[in-house]
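A structural walkthrough
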Amino acid sequence: MSRTAETTGPADRAATSGLTAAAGRVRALVLAGLALLASLLLGALPAHAEAAPADATVLPGGSVVVPAASAAGDDGRWQLVGTPDASLVRTASVDAATGDLSVEVAPGYRGRLVLVRRAVDRAAGTATEPERVVLDVAGDAPLAPGERLRLPLAADGGAEVAVPLPALEDGASYAVEAGPSLVADVDPATGDLRVAASAAGAGSVTVVATAADGTAGDPLVVPVDVAPSLPGLSGATRADAPVLLPLAAGDVDVAVQQPSTGAAAAVTPDGLEVDPRGTSGALALAVVPSAGGVVGDPAPVVVDVAPVVASVELVGAPGDVLRAPLDVLGTGVAVGVLDDAGGALAVEGDELVVTVPPGAAGELRGTLVGVDADGLVGDPADVVVAVSGPAPVPDAPVVEPPVEVTPVLEPLDEDGAVESPSSEVPPADVVEEPEVPPAVPAPAVEDVAPAPVPDAEEVLRTQGLVASAVAPAPGPAAGEDVVARAAAAKLADEELRASQAFSAAASPAPAPAMELASTTAPVPAGTQLAPGLVLMDSFSTAGPATTTTAVPAGALPTAPVAALPRTGGELAAGGALGGLALLLGLGLLVAGRRRLQVGRG
């Protein structure tokens, strides 16, 4: 704007001066009305009309330390989550022990800055929720040409900032013009420039000062960066498993600040995928939004990654000492025994040592657990030891005890052959009378030699019985009449039947009530025991024990045994056997004589 100086008289100068003053007052009233309208519009904006209080204030280009509410403890640490843009912050760090946040901001801007920190408790294996630290970058000095304003959008999509403007002379005023998505005015009470935004992006506000006489000063153009923002993310996984976190970015571009532990993260259409890649711990990274060329504050992403200890399967025998390397994923993992299977499991360095107890069988089961450097505890890992015992021993064959058999003398028929055994044995007191053949004239015996009488001892040996001191029965005198022979035959037959009844009564088969107990019986010195022989001391059907000595059938005759003292029972047994032998001899004698008679006839 140029002015042309004109020379005039006093009257003209006075008139001109009055017109100029009136015009200035009108212009001032118009600007005041515009400012009031802007104030009304600014005050009508919702949630962001009142900005949240800042945690600290720092001058542009200055430094500040923001202490933490509490220390991390003896076994804890604080960490900074995400790194602010280098154009806003020169340096930022967190004291691991105290949690104090030290920040040096860059010059050239005013507004707000957000940083994030959190504490990790190694002893408890937990981490606190990320803590947002809001810094108000401002000063008492008026806004200078070239300075920028920075407004981080809040969660509700609003932002506001206020900065002082240079002081005005009396009667002067400011006129403010804001760009799209911005509302700006001058606070009439403080004279500060207030700017509000509802969308992310770059814009500007123009401020013009007008003097009391209506003269407008040079316009002040203030760049305004409305920074986008994202909510923080959190999750949990294992060192061997990626995790997908939901990320609602909308139209905002997202960059990832990778963690320094070796893990990796990437933005996908479905969200943010974090891959631990074998690392563990309280993983911290950040996603940084941007819109319209304005970079927002990093949004914290915290993932608790648990270590992994692989399960172990072994095979061993009782008394074995087994060793197996531990397969572990994680950062600074220490493996401990959660269940030692009764003292059988131990960890030595990076090896699992299993001592199989003597007498163990089946399976030994225990569990291991891993704890990483941040105190995060992994899932229990199973340890299974299959105990292989000795080869099974087959069952011993069942050996039946030898059956004791009492020999029974069978009766002989007329030809000397053994009669067929009868299924029923007649009672001992029932004896059938034998039929007496008619008297036949006795043949002359003068010139007939008597038939040889078989030796009873030899017969007993043939039957498997012990030889008894039985004298051979004398043969009949020559010329014995027929009546004597018939009487002898009848007597022999009666004795034979009595022997049969005696044998049936002595046999254990027909008497189920009789119980026999075997023991060693005294035997006379020099007696030969034949295979299958049974010596009986006494017996009773009422139940008393019977002393029996048995020699297994098929064994070779034994050597003579030493003489033992005899009891009354033993003498009775010997007498019974002697009677049996005598009856057998008589039967054989009768049979021989019958054959002789048949031959003569």
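You'll find the structure just up there.
This write-up is about the structure you can find in this document. Owing to the predicted nature of the structure, the values given are computational and were not obtained by experimental measurement. (Residues numbered from 1 in each chain as written. Predicted model: local features only at pLDDT ≥ 70, side-chain atom pairs only at ≥ 80, totals over all residues. Heavy atoms only, no water.)

Another aspect to go through is the environment of Pro53. By secondary structure assignment, the location of Pro53 is in the loop between helix H1 (10–44) and strand E1 (56–58). Taking relative accessible area as the criterion, Pro53 reaches 71% and is therefore assigned exposed. Along the primary structure Pro53 and Val134 are separated by 81 residues, whereas in three dimensions their C-alpha atoms are 8.1 Å apart. (Helix = DSSP H or I, 4+ residues; strand = E, 2+ residues; numbered from the N terminus. Buried < 20%, exposed > 50% of the residue type's maximum accessible area, 1.4 Å probe, protein only.)

All right, on to the pairing of strand E5 (residues 101–105) then. Of the two faces of E5, the one lined by Leu101, Val103 and Val105 is fully buried and the one lined by Ser102 and Glu104 carries no buried residue. When strand E2 (residues 63–66) meets E5, the two strands line up antiparallel, connected through 4 bridges. Counted as the bridge partner of Val65 is Ser102 from E5. As judged from the 5 bridges shared by strand E4 (residues 89–94) and E5, these two strands associate in the antiparallel manner. Paired with Val94 across the two strands is Leu101, which belongs to E5. (Pairing = 2+ DSSP bridges.)

Attention now moves to the sheet that holds strand E31 (residues 362–371). The 4 strands lie next to each other as E25-E32-E31-E28, forming an open sheet whose pairing is mixed. The strands lining the two open edges of the sheet, one partner per strand, are strand E25 (312–316) and strand E28 (334–339). The sheet shows a mean angle of 25 degrees between the axes of neighbouring strands, taken without regard to direction. Summarising the sheet, E25 and strand E32 (residues 381–387) pair through 5 bridges and their orientation is parallel. Bridge assignment links Val312 to a residue of E32, and that residue is Val383. (Axes fitted to C-alpha atoms, helices over the stretch in contact; angles between N-to-C directions.)

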